[in-house]
Amino acid sequence: MGSSAPLRAITSLDDERIYVTQPHLPPLAEFMPYLEKIWNSKTLTNGGPFHQQLEKALCEYLGVEHLALFANGTLALVTALQALRVNGECITTPYSFAATAHSLLWNGIKPVFVDVDPDTLNLDPEKIEAAITPQTTAIMPVHCYGHPCDVKAIQKIADNYNLKVIYDAAHAFGVQTEDGSVLKHGDLSIVSFHATKVFNTFEGGAIVCPDAKTKQRIDHLKNFGFVDEVTVVAAGINGKMSEINAAFGLLQLQHVDNALAKRKAIDAQYRELLADVPGIRCMSDAGEKVANYAYFPVQVEDNFPISRDALYERLKEHGIFARRYFYPLISEFPMYRGLPSSDQNNLSTAAAASKRILCLPIYPGLNPVQVERIVSIVAGIQ
Ligand code: T4K
(Lines give C-alpha, C1' and ligand atoms only; values in the text may rest on other atoms or scores of the structure.)
Protein backbone atom coordinates (compact mmCIF):
# COMPACT_ATOMS: atom_id res chain seq x y z
CA MET A 1 0.00 0.00 0.00
CA GLY A 2 2.91 2.31 0.93
CA SER A 3 3.61 3.82 -2.52
CA SER A 4 0.05 3.92 -3.82
CA ALA A 5 -1.56 7.24 -4.69
CA PRO A 6 -3.65 8.83 -1.92
CA LEU A 7 -7.34 8.08 -2.08
CA ARG A 8 -9.21 10.78 -3.99
CA ALA A 9 -11.04 13.10 -1.63
CA ILE A 10 -14.78 12.72 -1.80
CA THR A 11 -16.17 16.17 -2.54
CA SER A 12 -19.67 17.47 -2.88
CA LEU A 13 -18.98 17.69 -6.64
CA ASP A 14 -18.46 13.90 -6.76
CA ASP A 15 -21.85 13.42 -5.16
CA GLU A 16 -23.47 15.50 -7.85
CA ARG A 17 -21.72 14.12 -10.90
CA ILE A 18 -24.11 13.63 -13.76
CA TYR A 19 -23.01 11.56 -16.74
CA VAL A 20 -24.40 11.62 -20.24
CA THR A 21 -26.16 8.41 -19.37
CA GLN A 22 -26.53 5.88 -16.61
CA PRO A 23 -27.78 2.36 -17.22
CA HIS A 24 -31.27 1.47 -16.19
CA LEU A 25 -31.16 -1.41 -13.71
CA PRO A 26 -34.15 -3.24 -12.23
CA PRO A 27 -34.18 -4.07 -8.49
CA LEU A 28 -31.41 -6.63 -7.87
CA ALA A 29 -33.79 -8.97 -6.02
CA GLU A 30 -35.81 -9.41 -9.21
CA PHE A 31 -32.77 -10.85 -10.96
CA MET A 32 -32.01 -13.49 -8.32
CA PRO A 33 -34.59 -16.08 -9.49
CA TYR A 34 -33.08 -15.92 -12.99
CA LEU A 35 -29.60 -16.51 -11.60
CA GLU A 36 -30.84 -19.45 -9.54
CA LYS A 37 -32.27 -21.04 -12.68
CA ILE A 38 -28.96 -20.64 -14.49
CA TRP A 39 -27.04 -22.07 -11.52
CA ASN A 40 -29.38 -25.04 -11.32
CA SER A 41 -29.40 -25.80 -15.04
CA LYS A 42 -25.68 -25.18 -15.57
CA THR A 43 -26.53 -23.99 -19.07
CA LEU A 44 -24.45 -20.85 -19.37
CA THR A 45 -24.40 -20.16 -23.10
CA ASN A 46 -24.70 -21.63 -26.62
CA GLY A 47 -28.33 -20.81 -27.25
CA GLY A 48 -29.82 -21.91 -23.91
CA PRO A 49 -33.40 -21.38 -22.72
CA PHE A 50 -33.06 -17.69 -21.76
CA HIS A 51 -31.41 -16.94 -25.10
CA GLN A 52 -34.34 -18.55 -26.92
CA GLN A 53 -36.92 -16.81 -24.74
CA LEU A 54 -35.33 -13.40 -25.21
CA GLU A 55 -35.21 -13.75 -28.99
CA LYS A 56 -38.92 -14.54 -29.01
CA ALA A 57 -39.83 -11.82 -26.51
CA LEU A 58 -37.85 -9.16 -28.40
CA CYS A 59 -39.49 -10.10 -31.71
CA GLU A 60 -42.87 -9.56 -30.08
CA TYR A 61 -41.89 -6.36 -28.31
CA LEU A 62 -40.20 -4.80 -31.33
CA GLY A 63 -42.75 -6.04 -33.86
CA VAL A 64 -40.22 -7.86 -36.05
CA GLU A 65 -40.25 -11.36 -37.52
CA HIS A 66 -36.77 -12.72 -36.77
CA LEU A 67 -33.94 -11.66 -34.54
CA ALA A 68 -30.56 -13.18 -33.65
CA LEU A 69 -28.98 -12.16 -30.34
CA PHE A 70 -25.31 -11.22 -30.14
CA ALA A 71 -22.70 -10.59 -27.45
CA ASN A 72 -22.58 -6.94 -28.58
CA GLY A 73 -23.65 -4.66 -31.40
CA THR A 74 -20.21 -4.59 -33.03
CA LEU A 75 -20.09 -8.36 -33.53
CA ALA A 76 -23.62 -8.10 -34.92
CA LEU A 77 -22.44 -5.53 -37.48
CA VAL A 78 -19.40 -7.61 -38.46
CA THR A 79 -21.59 -10.71 -38.86
CA ALA A 80 -24.36 -8.90 -40.76
CA LEU A 81 -21.84 -7.89 -43.42
CA GLN A 82 -20.62 -11.50 -43.66
CA ALA A 83 -24.14 -12.87 -43.83
CA LEU A 84 -24.85 -10.73 -46.90
CA ARG A 85 -21.39 -11.38 -48.37
CA VAL A 86 -20.71 -7.67 -48.70
CA ASN A 87 -17.34 -6.90 -50.25
CA GLY A 88 -15.62 -4.15 -52.25
CA GLU A 89 -16.91 -0.76 -51.14
CA CYS A 90 -19.69 0.19 -48.75
CA ILE A 91 -21.19 3.66 -48.49
CA THR A 92 -21.56 4.86 -44.93
CA THR A 93 -21.68 7.92 -42.67
CA PRO A 94 -18.69 9.49 -40.91
CA TYR A 95 -21.06 10.87 -38.23
CA SER A 96 -21.29 7.80 -36.01
CA PHE A 97 -19.49 5.72 -33.42
CA ALA A 98 -16.24 4.07 -34.53
CA ALA A 99 -17.86 0.61 -34.61
CA THR A 100 -19.86 1.46 -37.75
CA ALA A 101 -16.82 1.80 -40.01
CA HIS A 102 -14.63 -0.59 -38.02
CA SER A 103 -17.05 -3.41 -38.87
CA LEU A 104 -16.27 -2.75 -42.54
CA LEU A 105 -12.50 -2.86 -42.01
CA TRP A 106 -12.85 -6.13 -40.06
CA ASN A 107 -14.41 -7.58 -43.22
CA GLY A 108 -11.84 -6.09 -45.60
CA ILE A 109 -14.48 -3.73 -47.03
CA LYS A 110 -13.54 -0.20 -48.02
CA PRO A 111 -15.69 2.46 -46.32
CA VAL A 112 -16.82 5.28 -48.59
CA PHE A 113 -17.96 8.22 -46.48
CA VAL A 114 -20.88 10.33 -47.64
CA ASP A 115 -22.11 13.51 -45.99
CA VAL A 116 -25.17 13.77 -43.75
CA ASP A 117 -28.41 15.70 -43.94
CA PRO A 118 -28.20 18.91 -41.86
CA ASP A 119 -31.56 18.34 -40.13
CA THR A 120 -31.37 14.67 -39.21
CA LEU A 121 -27.57 14.15 -39.28
CA ASN A 122 -28.31 10.85 -41.04
CA LEU A 123 -26.76 9.82 -44.37
CA ASP A 124 -27.99 12.25 -47.02
CA PRO A 125 -29.71 10.17 -49.75
CA GLU A 126 -29.12 12.93 -52.30
CA LYS A 127 -25.39 12.46 -51.98
CA ILE A 128 -25.27 8.68 -52.12
CA GLU A 129 -25.56 8.19 -55.87
CA ALA A 130 -22.46 10.24 -56.68
CA ALA A 131 -20.38 7.97 -54.43
CA ILE A 132 -21.44 4.70 -56.10
CA THR A 133 -18.72 2.96 -58.15
CA PRO A 134 -18.59 -0.48 -59.82
CA GLN A 135 -17.07 -1.78 -56.55
CA THR A 136 -19.98 -0.62 -54.37
CA THR A 137 -21.97 -3.52 -52.97
CA ALA A 138 -23.77 -2.03 -49.98
CA ILE A 139 -24.94 1.00 -48.01
CA MET A 140 -24.62 1.14 -44.22
CA PRO A 141 -26.65 4.07 -42.88
CA VAL A 142 -27.04 4.84 -39.15
CA HIS A 143 -30.30 5.91 -37.50
CA CYS A 144 -28.31 8.49 -35.57
CA TYR A 145 -29.58 9.22 -32.03
CA GLY A 146 -32.48 6.88 -32.87
CA HIS A 147 -33.95 9.19 -35.53
CA PRO A 148 -34.95 7.20 -38.63
CA CYS A 149 -33.05 7.63 -41.88
CA ASP A 150 -34.91 8.43 -45.07
CA VAL A 151 -35.47 4.71 -45.56
CA LYS A 152 -37.60 5.05 -48.70
CA ALA A 153 -35.07 7.16 -50.59
CA ILE A 154 -32.21 4.87 -49.54
CA GLN A 155 -34.09 1.75 -50.61
CA LYS A 156 -34.86 3.29 -54.00
CA ILE A 157 -31.17 3.89 -54.64
CA ALA A 158 -30.28 0.40 -53.39
CA ASP A 159 -32.85 -1.15 -55.72
CA ASN A 160 -31.65 0.88 -58.71
CA TYR A 161 -28.02 -0.16 -58.20
CA ASN A 162 -28.63 -3.61 -56.73
CA LEU A 163 -27.00 -2.78 -53.41
CA LYS A 164 -27.56 -4.33 -49.99
CA VAL A 165 -28.66 -2.08 -47.13
CA ILE A 166 -27.54 -2.80 -43.57
CA TYR A 167 -28.86 -0.34 -41.02
CA ASP A 168 -26.70 0.37 -38.04
CA ALA A 169 -29.69 0.81 -35.75
CA ALA A 170 -27.59 0.66 -32.57
CA HIS A 171 -29.50 3.69 -31.23
CA ALA A 172 -32.95 2.77 -32.54
CA PHE A 173 -34.40 0.21 -30.12
CA GLY A 174 -38.19 0.54 -30.09
CA VAL A 175 -38.36 3.33 -32.67
CA GLN A 176 -41.38 3.20 -34.94
CA THR A 177 -42.35 5.06 -38.08
CA GLU A 178 -45.62 5.12 -39.97
CA ASP A 179 -44.84 1.58 -41.28
CA GLY A 180 -44.10 0.07 -37.85
CA SER A 181 -40.67 -0.81 -36.49
CA VAL A 182 -37.82 1.09 -38.12
CA LEU A 183 -35.82 -2.14 -37.74
CA LYS A 184 -37.74 -3.79 -40.58
CA HIS A 185 -36.10 -1.67 -43.28
CA GLY A 186 -33.16 -2.66 -45.43
CA ASP A 187 -31.78 -6.18 -45.74
CA LEU A 188 -30.67 -6.31 -42.11
CA SER A 189 -30.65 -4.03 -39.08
CA ILE A 190 -28.42 -4.28 -36.05
CA VAL A 191 -29.23 -3.01 -32.56
CA SER A 192 -27.01 -2.55 -29.52
CA PHE A 193 -27.95 -3.49 -25.96
CA HIS A 194 -24.82 -1.92 -24.46
CA ALA A 195 -24.98 -0.48 -20.93
CA THR A 196 -25.39 3.02 -22.39
CA LYS A 197 -28.38 2.16 -24.57
CA VAL A 198 -32.11 2.55 -23.88
CA PHE A 199 -32.47 -1.21 -23.45
CA ASN A 200 -29.39 -2.86 -22.00
CA THR A 201 -28.26 -6.41 -21.28
CA PHE A 202 -24.92 -5.09 -19.85
CA GLU A 203 -23.32 -5.88 -23.23
CA GLY A 204 -25.42 -7.21 -26.09
CA GLY A 205 -26.87 -6.69 -29.49
CA ALA A 206 -28.94 -8.30 -32.21
CA ILE A 207 -29.45 -8.61 -35.93
CA VAL A 208 -33.01 -8.16 -37.11
CA CYS A 209 -33.59 -10.19 -40.26
CA PRO A 210 -36.50 -10.65 -42.63
CA ASP A 211 -36.69 -14.45 -42.96
CA ALA A 212 -35.92 -17.69 -41.15
CA LYS A 213 -33.29 -18.75 -43.69
CA THR A 214 -31.22 -15.61 -43.15
CA LYS A 215 -31.53 -16.00 -39.38
CA GLN A 216 -30.30 -19.57 -39.67
CA ARG A 217 -27.22 -18.44 -41.60
CA ILE A 218 -26.58 -15.70 -39.03
CA ASP A 219 -26.98 -18.25 -36.20
CA HIS A 220 -24.32 -20.40 -37.85
CA LEU A 221 -22.01 -17.43 -38.36
CA LYS A 222 -22.24 -16.35 -34.72
CA ASN A 223 -21.30 -19.89 -33.62
CA PHE A 224 -18.03 -20.41 -35.52
CA GLY A 225 -19.97 -21.54 -38.60
CA PHE A 226 -21.13 -24.77 -36.93
CA VAL A 227 -24.30 -26.32 -38.34
CA ASP A 228 -24.01 -29.47 -36.27
CA GLU A 229 -21.33 -31.26 -34.27
CA VAL A 230 -19.23 -32.08 -37.33
CA THR A 231 -20.25 -29.54 -40.00
CA VAL A 232 -18.71 -26.09 -40.29
CA VAL A 233 -20.00 -24.04 -43.22
CA ALA A 234 -18.19 -20.72 -42.77
CA ALA A 235 -15.36 -19.05 -40.88
CA GLY A 236 -17.80 -17.80 -38.28
CA ILE A 237 -17.01 -16.04 -35.03
CA ASN A 238 -18.08 -16.48 -31.43
CA GLY A 239 -20.76 -13.80 -31.23
CA LYS A 240 -23.22 -15.53 -28.92
CA MET A 241 -25.01 -13.83 -26.06
CA SER A 242 -24.62 -15.65 -22.72
CA GLU A 243 -27.51 -16.88 -20.60
CA ILE A 244 -26.82 -14.25 -17.92
CA ASN A 245 -27.17 -11.42 -20.43
CA ALA A 246 -30.24 -12.99 -22.01
CA ALA A 247 -31.93 -13.54 -18.64
CA PHE A 248 -31.17 -9.95 -17.69
CA GLY A 249 -32.71 -8.83 -21.00
CA LEU A 250 -35.93 -10.69 -20.19
CA LEU A 251 -36.14 -8.86 -16.87
CA GLN A 252 -35.26 -5.52 -18.48
CA LEU A 253 -38.09 -5.94 -20.98
CA GLN A 254 -40.55 -5.81 -18.09
CA HIS A 255 -39.22 -2.37 -17.17
CA VAL A 256 -38.43 -0.86 -20.55
CA ASP A 257 -41.75 0.92 -21.14
CA ASN A 258 -41.43 2.69 -17.82
CA ALA A 259 -37.83 3.65 -18.64
CA LEU A 260 -38.87 5.01 -22.05
CA ALA A 261 -41.68 7.06 -20.47
CA LYS A 262 -39.17 8.65 -18.10
CA ARG A 263 -36.87 9.51 -21.02
CA LYS A 264 -39.79 11.08 -22.84
CA ALA A 265 -40.57 13.32 -19.85
CA ILE A 266 -36.92 14.45 -19.61
CA ASP A 267 -36.85 15.22 -23.34
CA ALA A 268 -39.99 17.35 -22.96
CA GLN A 269 -38.59 19.18 -19.93
CA TYR A 270 -35.33 20.01 -21.74
CA ARG A 271 -37.23 21.29 -24.77
CA GLU A 272 -39.43 23.52 -22.66
CA LEU A 273 -36.60 24.94 -20.55
CA LEU A 274 -34.16 25.40 -23.45
CA ALA A 275 -36.70 27.04 -25.75
CA ASP A 276 -35.76 30.51 -24.52
CA VAL A 277 -31.99 30.02 -24.41
CA PRO A 278 -30.50 31.93 -27.37
CA GLY A 279 -27.91 29.96 -29.33
CA ILE A 280 -29.01 26.51 -28.16
CA ARG A 281 -31.08 24.62 -30.70
CA CYS A 282 -32.66 21.30 -29.81
CA MET A 283 -32.59 18.81 -32.66
CA SER A 284 -36.04 18.16 -34.01
CA ASP A 285 -37.24 14.61 -34.35
CA ALA A 286 -37.04 12.96 -37.74
CA GLY A 287 -40.67 12.04 -38.08
CA GLU A 288 -40.72 8.95 -35.92
CA LYS A 289 -44.15 7.89 -34.67
CA VAL A 290 -42.65 6.38 -31.54
CA ALA A 291 -39.29 7.81 -30.48
CA ASN A 292 -36.95 6.33 -27.87
CA TYR A 293 -35.26 9.52 -26.57
CA ALA A 294 -31.93 7.72 -26.59
CA TYR A 295 -29.91 10.96 -26.67
CA PHE A 296 -30.56 14.65 -26.19
CA PRO A 297 -28.36 16.39 -28.77
CA VAL A 298 -28.34 20.18 -28.91
CA GLN A 299 -26.65 22.40 -31.45
CA VAL A 300 -24.51 25.22 -30.06
CA GLU A 301 -24.97 28.02 -32.57
CA ASP A 302 -22.90 31.11 -33.40
CA ASN A 303 -24.99 33.39 -31.20
CA PHE A 304 -24.29 31.32 -28.06
CA PRO A 305 -21.72 33.24 -25.95
CA ILE A 306 -19.12 30.41 -25.96
CA SER A 307 -18.16 27.55 -28.28
CA ARG A 308 -19.48 23.99 -28.02
CA ASP A 309 -16.15 22.82 -26.61
CA ALA A 310 -16.08 25.63 -24.05
CA LEU A 311 -19.63 24.70 -23.00
CA TYR A 312 -18.58 21.06 -22.69
CA GLU A 313 -15.70 22.12 -20.40
CA ARG A 314 -17.87 24.53 -18.41
CA LEU A 315 -20.43 21.80 -17.71
CA LYS A 316 -17.63 19.49 -16.64
CA GLU A 317 -16.50 22.07 -14.07
CA HIS A 318 -19.98 21.70 -12.58
CA GLY A 319 -19.73 17.90 -12.56
CA ILE A 320 -21.90 17.45 -15.65
CA PHE A 321 -20.37 15.11 -18.18
CA ALA A 322 -22.12 15.83 -21.46
CA ARG A 323 -20.60 14.13 -24.53
CA ARG A 324 -19.59 15.27 -27.99
CA TYR A 325 -21.18 12.41 -29.91
CA PHE A 326 -19.82 12.33 -32.63
CA TYR A 327 -16.52 14.16 -32.45
CA PRO A 328 -14.14 13.53 -34.06
CA LEU A 329 -15.75 12.20 -37.21
CA ILE A 330 -14.85 8.58 -37.99
CA SER A 331 -13.20 9.83 -41.18
CA GLU A 332 -10.70 11.76 -39.03
CA PHE A 333 -9.41 8.66 -37.23
CA PRO A 334 -5.93 7.64 -38.46
CA MET A 335 -7.07 4.41 -40.14
CA TYR A 336 -9.60 6.31 -42.32
CA ARG A 337 -7.90 9.68 -42.81
CA GLY A 338 -6.12 8.68 -46.04
CA LEU A 339 -9.28 7.58 -47.87
CA PRO A 340 -10.38 9.90 -50.71
CA SER A 341 -13.90 10.03 -49.24
CA SER A 342 -12.51 11.29 -45.93
CA ASP A 343 -11.80 14.67 -47.50
CA GLN A 344 -13.51 17.21 -45.24
CA ASN A 345 -14.71 19.15 -48.28
CA ASN A 346 -17.03 16.24 -49.08
CA LEU A 347 -18.23 16.03 -45.52
CA SER A 348 -18.85 19.65 -44.61
CA THR A 349 -22.24 19.10 -42.93
CA ALA A 350 -20.94 16.24 -40.81
CA ALA A 351 -17.81 18.22 -39.95
CA ALA A 352 -19.85 21.24 -38.86
CA ALA A 353 -22.18 19.06 -36.76
CA SER A 354 -19.27 17.32 -35.05
CA LYS A 355 -18.02 20.74 -33.90
CA ARG A 356 -21.42 22.01 -32.73
CA ILE A 357 -23.43 19.15 -31.27
CA LEU A 358 -23.40 18.36 -27.57
CA CYS A 359 -25.37 15.47 -26.10
CA LEU A 360 -26.83 16.47 -22.74
CA PRO A 361 -27.49 13.84 -20.04
CA ILE A 362 -30.65 11.81 -20.49
CA TYR A 363 -31.51 8.59 -18.70
CA PRO A 364 -34.46 7.30 -16.67
CA GLY A 365 -32.84 8.07 -13.30
CA LEU A 366 -32.23 11.76 -14.11
CA ASN A 367 -34.67 13.80 -12.03
CA PRO A 368 -36.39 17.08 -12.96
CA VAL A 369 -34.29 19.07 -10.46
CA GLN A 370 -31.10 17.81 -12.12
CA VAL A 371 -32.45 18.75 -15.55
CA GLU A 372 -33.25 22.23 -14.23
CA ARG A 373 -29.73 22.48 -12.82
CA ILE A 374 -28.15 21.52 -16.16
CA VAL A 375 -30.28 24.00 -18.07
CA SER A 376 -29.65 26.79 -15.56
CA ILE A 377 -25.89 26.37 -16.00
CA VAL A 378 -26.26 26.51 -19.80
CA ALA A 379 -28.65 29.47 -19.64
CA GLY A 380 -26.45 31.33 -17.16
CA ILE A 381 -23.41 31.44 -19.43
CA GLN A 382 -22.50 34.97 -20.52
N1 T4K B 1 -23.00 1.62 -33.87
C2 T4K B 1 -23.30 2.76 -33.24
C3 T4K B 1 -23.95 3.85 -34.01
C4 T4K B 1 -23.00 2.90 -31.88
O5 T4K B 1 -23.27 4.06 -31.25
C6 T4K B 1 -22.41 1.82 -31.19
C7 T4K B 1 -22.08 1.95 -29.80
C8 T4K B 1 -22.15 0.63 -31.90
C9 T4K B 1 -22.46 0.57 -33.25
C10 T4K B 1 -21.54 -0.57 -31.26
O11 T4K B 1 -22.42 -1.21 -30.33
P12 T4K B 1 -21.76 -2.05 -29.09
O13 T4K B 1 -20.71 -2.98 -29.67
O14 T4K B 1 -21.20 -1.05 -28.11
O15 T4K B 1 -22.94 -2.81 -28.55
C16 T4K B 1 -20.45 4.40 -25.65
C17 T4K B 1 -20.70 2.92 -25.77
O18 T4K B 1 -19.61 2.14 -25.28
C19 T4K B 1 -21.04 2.45 -27.14
O20 T4K B 1 -21.77 1.25 -26.98
C21 T4K B 1 -21.92 3.44 -27.87
N22 T4K B 1 -22.16 3.07 -29.24
C23 T4K B 1 -21.31 4.82 -27.83
C24 T4K B 1 -22.15 5.86 -28.54
O25 T4K B 1 -21.20 5.21 -26.48
P26 T4K B 1 -18.38 5.69 -24.79
O27 T4K B 1 -16.93 5.60 -25.11
O28 T4K B 1 -19.02 7.00 -24.84
O29 T4K B 1 -18.71 4.98 -23.39
P30 T4K B 1 -18.37 5.43 -21.92
O31 T4K B 1 -17.81 4.25 -21.22
O32 T4K B 1 -17.58 6.68 -21.92
O33 T4K B 1 -19.83 5.67 -21.30
C34 T4K B 1 -20.51 6.91 -21.38
C35 T4K B 1 -21.07 7.22 -20.01
O36 T4K B 1 -22.03 6.27 -19.64
C37 T4K B 1 -20.04 7.22 -18.90
O38 T4K B 1 -19.51 8.49 -18.74
C39 T4K B 1 -20.83 6.81 -17.67
C40 T4K B 1 -21.96 6.00 -18.23
N41 T4K B 1 -21.79 4.57 -18.03
C42 T4K B 1 -21.11 3.82 -18.97
C43 T4K B 1 -20.94 2.48 -18.79
C44 T4K B 1 -20.20 1.64 -19.80
C45 T4K B 1 -22.28 3.99 -16.89
O46 T4K B 1 -22.88 4.67 -16.04
N47 T4K B 1 -22.14 2.64 -16.73
C48 T4K B 1 -21.48 1.86 -17.62
O49 T4K B 1 -21.38 0.62 -17.43
O50 T4K B 1 -19.10 4.69 -25.80
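Per-chain numbering applies: the sequence of each chain, read as written, is numbered from 1 onward. Only residues with pLDDT of 70 or above have their local features reported here, since the model is predicted, and side-chain atom pairs are shown and tallied only from 80 upward, although totals for entire chains, interfaces and linings are computed over all residues. Side-chain descriptors were evaluated using all non-hydrogen atoms of the structure, hydrogens and water having been removed beforehand.

Student: An account of the UniProt feature "modified residue: N6-(pyridoxal phosphate)lysine" (unreviewed entry) in the protein is needed here, citing residue identities and associated values.
Tutor: According to UniProt, the "modified residue: N6-(pyridoxal phosphate)lysine" (unreviewed entry) feature falls on Lys197. Note on conventions: DSSP H or I runs of at least 4 residues are helices, E runs of at least 2 residues are strands, and numbering of each starts at the N terminus. If you trace the backbone, Lys197 turns up in the loop between strand 9 (188-192) and strand 10 (205-209). UniProt positions are given in the numbering used here, feature names are shortened, and annotations may be inferred rather than shown by experiment.

Student: Which residues make up the site of the ligand, and what values do they have?
Tutor: Residues are classed as near a molecule or strand on a simple rule: at least one heavy atom within 4 Å of it. Close contacts around the ligand come from 25 residues, with Thr74, Asp168, His171, Ser192 and Tyr325 the closest. Separating an oxygen atom of the ligand from a side-chain N or O atom of His194 is a distance of 3.3 Å. We define a polar contact as two N or O atoms separated by no more than 3.5 Å, with the added condition that, inside protein, one atom must be a possible hydrogen donor and the other a possible acceptor, whereas residues neighbouring each other in sequence contribute only through side-chain atom pairs. A distance of 2.5 Å separates an oxygen atom of the ligand from a polar side-chain atom of Tyr325. To measure how exposed things are, a 1.4 Å probe is used in the Shrake-Rupley method; for residues, cover is taken only from the protein chains shown. Relative to its unbound accessible surface of 910 Å², the ligand loses 75% to contact with the protein. The definitions used throughout rest on a 1 Å grid laid over the protein atoms alone, on which a cavity is an enclosed set of points accommodating a 1.4 Å probe that cannot get out and a pocket is an open set flanked by protein within 12 Å on both sides along at least five of seven lines; lining residues are those having an atom within 4 Å of a point. Throughout, a molecule is located in a cavity or pocket provided that more than half of its atoms lie within 2 Å of its grid points. Its atoms largely coinciding with the cavity grid, the ligand occupies the largest pocket. When contributions to the shell around the ligand are tallied by element, the ones reaching two or more residues are helix 4 (73-83) and helix 5 (98-106). Gly is put with the polar residues, along with every residue not named as nonpolar or charged; the nonpolar set is Ala, Val, Leu, Ile, Met, Phe, Trp, Tyr, Cys and Pro, and the charged set is Asp, Glu, Lys and Arg. Residues belonging to the shell around the ligand are distributed by class as follows: 10 nonpolar, 12 polar and three charged.

Student: Lay out the layout of surface pockets in plain terms, naming residues and giving numbers.
Tutor: Grid points are joined across faces, edges and corners, and a volume is the space filled by probe spheres set on the points. Reported here for the largest pocket is a volume of approximately 410 Å³. Around the largest pocket sit 25 residues that line it, and Phe97, Ser192, His194, Thr196 and Lys197 are the ones nearest its centre. Elements represented by at least two residues in the lining of the largest pocket include exactly helix 4, helix 5 and strand 9. A per-element tally of the lining of the largest pocket places helix 4 first, with three residues. Across the lining of the largest pocket, the residue classes tally to 12 nonpolar, 10 polar and three charged. Each of domain 1 (12-23 + 256-379) and domain 2 (28-253) gives at least three residues to the lining of the largest pocket. In this structure, the second largest pocket spans a volume of roughly 250 Å³. Pro148, Cys149, Asp150, Val151 and Ala286 are, among the 16 residues lining the second largest pocket, the residues nearest its centre. Split by residue class, the lining of the second largest pocket holds six nonpolar, four polar and six charged. Source of the domain bounds: an automatic or database domain assignment.

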